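Commentary on secondary and tertiary structure
One-letter residues, chain by chain:
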Amino acid sequence: MLVVKTLHIWMVISWFAGLFYLPRIFVNLAMVPADSVAERDRLLLMAGKLFKFMTPLGILAIALGFWLWFAYGFSGGWLHAKTTLVAVLAAYHWHCGLVLRDFQQGRNRKSHVWFRFYNELPVVVLLVVLFLVVLKPF
């Protein structure tokens, strides 16, 4: 089970790298002037490739988490809270895909400032999840 746990942590770290970076690309996309087609296309290419790369990482992180859950059991309020936050992260990931599609179709209406705040959600969730996993407060 230690191998599964190690792989789970590795996938979570890799998934979070994408969850941290993709919204930063959105910040830059929101700042691109209308006449900078090459810059916009380059950022869209980067965002699309990153999203396609990070999606399987998120799926594997969650699948390995379920494996651990079934192996060790699902007990303790901290684990219920963590599972809820993982569901929030999965919804955030899905929403990033919708935001990317809006950018690709030229329909984004949100500012770079909005995306700067949007970018902080996975940072806060990660901090809370870490405290839950390490401290198991309830």
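Described below are features of the structure shown in this document. Quantities reported herein were computed from a predicted structural model and do not represent experimental measurements. (Residues numbered from 1 in each chain as written. Predicted model: local features only at pLDDT ≥ 70, side-chain atom pairs only at ≥ 80, totals over all residues. Heavy atoms only, no water.)

For the rest of this paragraph, the subject is unusual backbone geometry. Among all residues save glycine, negative phi is the norm, and among peptide bonds the norm is trans. Phi is positive for K136, close to 40°, though the residue is something other than glycine. Counting through the fold element by element, K136 comes out in the segment after α5 (121–135). Overall, K136 belongs to the partly exposed group, its relative accessible area being 44%. (Helix = DSSP H or I, 4+ residues; strand = E, 2+ residues; numbered from the N terminus. Buried < 20%, exposed > 50% of the residue type's maximum accessible area, 1.4 Å probe, protein only.)

Within the structure shown, the criterion is met by 13 aromatic pairs. A ring pair is formed by W114 and Y118, whose centres lie 5.0 Å apart and whose planes are at 20°; its orientation type is stacked. With W114 and Y118 both in helix α4 (residues 112–118) and four residues apart, the pair spans about one turn of that helix. We classify Y118 as buried; its relative accessible area is 11%. A cation over an aromatic ring shows up here: K110 above the ring of W114, its NZ or CZ 5.0 Å from the ring centre. (Phe/Tyr/Trp six-rings, centres within 6.5 Å; stacked < 30°, edge-to-face > 60°. Lys NZ or Arg CZ within 6 Å of the ring centre and 35° of its normal.)

Looking now at α5. Counted at 1.5 Å a residue, the expected span for α5 with its 15 residues is 21 Å, and the 21 Å between its end C-alpha atoms agrees. Listing the buried residues of α5 in full gives P122, V125, V129 and L132. Taken down its axis, α5 places every buried residue within 90° of arc, on the same side. Opposite the packed face of α5, turned more than 90 degrees from it, sit the exposed residues V134 and L135. Against α1 (2–31), α3 (77–104) and α4 lie the buried residues of α5. Taken from the residues just after α5, K136 is the one with a positive phi, measuring 40°. (Expected span 1.5 Å × (residues − 1). Arc of directions from axis to C-beta. Contact = heavy atoms within 4.5 Å.)

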